Amino acid sequence: MKSLSINGKNFSIEAQNEMPLLWAIRDIIGLTGTKFGCGLSQCGACSVLINGNLMKSCSIPISYVEGKEIFTIEGSSKNLEFLREAWHQGNVPQCGFCQSGQLIAATALLDKIEKPTNEDIDNAMSGNICRCGTYTRIKKAIHKAVELKMNDND
Amino acid sequence: MIMTKIQNLSRRNFVKVFGLATGGIILGCNVSGDKKEFVPSSSDKNSFSPNLFVNINKNGKITLIASRSEMGQGIRTSLASAIADELEADWDYISVEQAVGHEKYGNQNTDGSRSVRTMLEPMRKMGATVKMMLISAASKRWGISSNECVAENHYIRNTKNNEKIFFGDLVEEASKVKIPDTENIKLKEIKDFKYIGKNLKSIDLKDFTNGTAIYGMDKKIPNMKFAAIARCPVTFGSVKSINKSDAKNIKGVDKIIQIDRLVPPTGKFFGMLGGVAVIANNTWAAFQGKLNLDIKWDLGDNKSYNTDSYNQKIKKRLQKNGKLVPGSRGNVATAFKESKDIIEATYHVPHLVHAPMEVPNATAWFKGDSCEVWAPVQDPQTVRSEIAHFFNLALENVTVNVTFLGGGFGRKSKSDFVVEAVALSKEINGPVQVVWTREDDIKHSFYHSTSTQYLKGSLDKEGQVSGWLHRAAFPSIVSSFKPLSDYASGFELGQGFINNPYQIENFRFENAKAEAYVRIGWMRSVIHIHSGFGINSFVDELAAKANKDPLEFHLELLGIDRVIQGKSEHPFNSKRLKNVLKIAAKKSGWGKKLPEGHGLGLAIHYSFYSYVATIVEVSAKNKKIKIENIWTAIDCGLVLNKDNVKNQLEGAAVFGMSIALFGKITAKDGAIEQGNFDDYLMTRMKDTPNIDITIIDNMETAPSGVGEPGVPVIAPAICNAIFSATGQRVRTLPLIDLGLI
């Protein structure tokens, strides 16, 4: 039995050490918001935070995450909620499939840089592919989330 | 347009047919295929075949059944908004449920950028009918004439005393009202639209941002197995022998099953490739099992396919006359003889693959004499018929549930991955989910055809185009349905080749033979990608030869304003094409002085009855190209949801960039060489420029396509901009192969 802490909840699962976290989350625990896109850390659809760091869950074995805090799209954080609101205001998604990963990557960015520049955003978000091509909206929405957050602090 | 009958379904029947708990008014109508007309409904309630339903609950909640698949084009929102507008509904009360695959919904095939084009009017009529029934119910209650009632934001108002009744409170009375006759249905005037033509947000936003939207792979059934399939590297090869021992040793692997190719009957369906399936307790174990299979393949006839030598062969073929295609006119030979200048060019676009973010996948449960599937499919009725055909089931015993599609782009209009799931479920006698790896997706697709085009054009003394010879060769999509279809079909040549929009007196189009060695399918914009690239690039070359500004040259070549009726309800109007070009050019500041190393390029294209122009600005530095700006203008007639159209066009620019910059699928000894996003590259955020979209206000004209028309212009506009910036002509895609990226 292995114990995983996801979004503050503990899950005991039966799985091999080398199983990538993605499949443990999706097939065993049943949280399907984290997506499979490539299996090679190329597309970012499976992005999660592990102890606050952005990682591709398709390439992280569960042995690595035992005892660490895993955060997925099913979770909630201050930055993620501002981003969600900004995503809604900007009507960002098309098919929506990559957006879990996009939001998680954006959360990791705002967790580290309070007010990212366009270049910061390009650097932080270019590991996430959106085949529908919503990049310009994602970029705008990240700036918007920063604005929402600043107004909220007023 | 004839609507003969809209039928009020009884609650019982509705529940029976659709399994929805409901109450109140439920309306169905029938739409025959793509014809925007209602056809009589059967009086036999059990076989009543409606296309679309409006259900108003007593609590005021309105549920719409969406018959078209949602793959990012926003159709669930668009269809709902058309009904809500005519119904005068409050958007907050609207929700959408996805239809299963069934012919009672009319044509559900979500392709060809036609959902809004074919369904807007039926949807509006559905909304208008319900509104009339609610008004009728209210007028009876008040004892006044219907003319004295108006519907406003989910209420009916008595205009005499301003008393109001909530929609939900009228449900019981309205359900007893006679359905109005077709000729009495009155649609709103454009100026009164509340949602149509405005900016509505996706109705599924929360599910998309919370991770709760259910795509194919998210379907879970208790005790469901997971499957991965090893397929022959060469299309249509077969298994010679398997050593299963290593795969069987993988923890979680349950069974290893060989499945044979299912060959579709000529002219329809897709069949499946066959191979060796690993059945496991989770997706990862299935993937691992598959990697550990030791399979000897009989590679079959397609092992000779090498795209390099194939392309050379086709290029050579294009040096000779091809098959003359109807639509050619005048005499190019004379025009060439009498010309001042002649130029020739050959353009090439490689095979491409859709690579939607969600790989092909399907969940199936075969239960002997019935079968249920859950899958992200664009064409659920074909899936249903195909399952019935291959597994010898009665059609009514096959249920196809359509999930969200994590992108489709044409890949998910093929049912092969669903057929695989059914075949395996039948074998293991239980539910199973087949998931393709990304490598499977890239190596075993229905590829976008590769094309080579030879163009020869002449200019007269005034620098006007006097003759145009166009020879194109590309493996036909028809080859996937009918073996030995080595020439292009009429529908393919009608995608921008033979209906070239320019006014050229001497025009000759020839088609050369091109055999298919892989499965060919349609990908977003289909053959327009080829015609748009070849024609726009060549016009730019002609303009340069004539020493004229490309913008002026294009406008001149489009000729006098003219309307070509054709067979369609959407005649081609050259003025609309000129208009989008002028507007995009103005937006881009065409003619302005650009920074050193920058260049502008333009392209126009008419597809899916929409008119698109794009101007691209590139910069060149150290022999590398950067896309700086994209300005696109579209005239798609009536716009149903402005922000959604904008989003589609922004996405089309990014999709088109992927084609221009990176897209290339190659085969060596019959096997596809690319396998994942590390060698089949995609446009990423860092590559993405400013994208500016202009939507022409043309609400009086019938709506035309939106999802696809923005794509074909991007690659030629980029290449023409590169010429403008550097003097280098790009005639072969992608740019990365030329070292420009």
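Parameters at a glance
- Residues numbered from 1 in each chain as written.
- Chains lettered and ligands numbered in written order.
- Predicted model: local features only at pLDDT ≥ 70, side-chain atom pairs only at ≥ 80, totals over all residues.
- Helix = DSSP H or I, 4+ residues; strand = E, 2+ residues; numbered from the N terminus.
- Buried ≥ 20, exposed ≤ 12 C-beta atoms within 10 Å, placed from the backbone.
- Contact = placed C-beta atoms within 7 Å.
- Domains from an automatic or database assignment.
- Nonpolar A, V, L, I, M, F, W, Y, C, P; charged D, E, K, R; others polar.
- Pairing = 2+ DSSP bridges.
- Axes fitted to C-alpha atoms, helices over the stretch in contact; angles between N-to-C directions.
- Expected span 1.5 Å × (residues − 1).
- Core = buried A, V, L, I, M, F, W, Y, C linked by C-beta atoms within 7 Å.
- Parallel < 35°, antiparallel > 145°, perpendicular 65-115°, else oblique.
- Left-handed = near helix turned anticlockwise from the far one by under 90°.

Across its full length, chain A carries 6 helices and 5 strands. Order of helices (α) and strands (β) in chain A, N terminus to C terminus: β-β-α-β-β-α-β-α-α-α-α. Judged by the C-alpha coordinates and their principal axes, chain A covers about 45 × 35 × 25 Å. For chain A, buried positions account for 59% of its 154 residues. Sequence-distant contacts in chain A: of pairs separated by 6 or more residues, those separated by 24 or more amount to 61%.

All names here are of chain A. What the domain assignment reports for chain A is domain 1 (2-71) and domain 2 (78-153). For domain 1 and domain 2, the distance between their C-alpha centroids amounts to 21 Å. On the domain 2 side, the residues contacting the 12 residues of domain 1 number 12 residues. Counting residues per element, the side of domain 1 that touches domain 2 draws most heavily on strand β3 (residues 47-50), at 3 residues.

With that settled, consider the environment of Gln319 of chain B. With respect to the element layout, Gln319 of chain B can be found in the loop between α8 (307-317) and β14 (323-324). In the structure, Gln319 of chain B is positioned 135 residues away from Tyr454 of chain B in sequence and 7.8 Å away in space, judged by C-alpha atoms.

If you look at the interface, chain A gives 45 residues, while chain B gives 48 residues. Considered class by class, the residues forming the side of chain A that touches chain B number 21 nonpolar, 17 polar and 7 charged.

For the rest of this paragraph, the subject is the pairing of strand β27 (residues 598-607) of chain B. Within β27 of chain B, 9 of the 10 residues are buried, which leaves it mostly tucked inside the rest of the structure. Counted along the chain from β27 of chain B to the antiparallel partner strand β28 (residues 610-621) of chain B, the turn is 2 residues long, and its residue Phe608 of chain B has a positive phi close to 50°.

A separate point is the domain arrangement of chain B. Residue and element names in this part refer to chain B. Each assigned domain of chain B is listed here: domain 1 (7-200), domain 2 (216-300 + 360-435) and domain 3 (307-353 + 447-738). Across the contact, 13 residues belong to domain 1 and 18 residues belong to domain 2. Residue classes in the side of domain 1 that touches domain 2 are distributed as 2 nonpolar, 8 polar and 3 charged.

Residue and element names in this part refer to chain B. Taken together, the 7 strands give an open sheet; going across it, the order is β11-β12-β9-β19-β16-β17-β18, and neighbouring strands pair in mixed fashion. Each edge of the open sheet is held by one strand with a lone partner, namely β11 (253-259) and β18 (398-402). For this sheet the average axis-to-axis angle between neighbouring strands, irrespective of direction, equals 20°. Relative to strand β19 (residues 432-435), strand β16 (residues 361-366) runs antiparallel, the two sharing 4 bridges. By the bridge assignment for β19, Ala362 is matched with Val434. Strand contacts of helix α7 (residues 283-291): β9 (225-230), β11, β12 (275-280) and β19, with the helix running at about 25° to β9, the strand carrying the most contacts.

Turning our attention to the sheet that holds strand β6 (residues 149-152) of chain B. Residue and element names in this part refer to chain B. What the 3 strands build is an open sheet, ordered β6-β7-β8; its pairing is antiparallel. Whereas interior strands pair on both sides, the edge strands pair on one side only; in this sheet they are β6 and β8 (164-166). Strand-to-strand twist of the sheet, defined as the mean angle between neighbouring strand axes without regard to direction, takes the value 25°. The pairing of β6 with strand β7 (residues 155-158) spans 4 bridges and is antiparallel. Along β7, the bridge assignment pairs Ala151 with Ile156. Along the sheet, helix α3 (residues 115-142) contacts β6, β7 and β8; its crossing angle with β6, the most-contacted strand, is approximately 130°.

This part is about helix α17 (residues 642-661) of chain B. Residues spaced three or four apart along an α-helix face the same direction, because each turn holds 3.6 residues. Compared with an ideal rise of 1.5 Å per residue, which puts 20 residues at 28 Å, α17 of chain B spans 28 Å between its outermost C-alpha atoms and is within 8% of the ideal. For α17 of chain B, the tally of buried residues reaches 18 of 20 residues, placing the bulk of the element in the interior.

As a rule of thumb, nonpolar side chains are buried together in soluble globular proteins. Residues and elements named next belong to chain B. In this structure, Leu134, Ala227, Val373, Val418, Val580 and Ile718 are the most contacted members of the largest nonpolar core, which totals 277 residues. Sorting elements by how many residues they give to this core places α3 first, with 13 residues. In this structure, Val373 is in contact with Ala362, Thr363, Ala364, Ile387, Val400, Asn401, Val418, Ala421 and Val422, ignoring residues within four places of it in sequence.

The next thing to look at is the packing of helix α10 (residues 380-390) of chain B against helix α11 (residues 416-428) of chain B. Residue and element names in this part refer to chain B. Relative orientation of the contacting elements α10 and α11 amounts to 40°, with a least axis distance of 10 Å. Accordingly, the angle class assigned to the pair α10 and α11 is oblique. Judged by the sense of rotation from one axis to the other, the crossing of α10 with α11 is right-handed. Every residue of α11 that contacts α10 at Val383, Glu386, Ile387 and Phe390 is listed here: Val418, Val419 and Val422. Looking at side-chain class alone, the contact of α10 with α11 contains 6 nonpolar, no polar and 1 charged residues.

All names here are of chain B. Cis peptide bonds are those with omega within 30 degrees of zero, and the linkage from Leu733 to Pro734 qualifies with 0°. Tracing the sequence through the fold places Pro734 in the segment after α18 (714-726). Phi at Asn622 takes a positive value of approximately 50°, unusual for a residue other than glycine. Judged by local crowding, Asn622 falls into the exposed class, with 5 C-beta atoms found within 10 Å.

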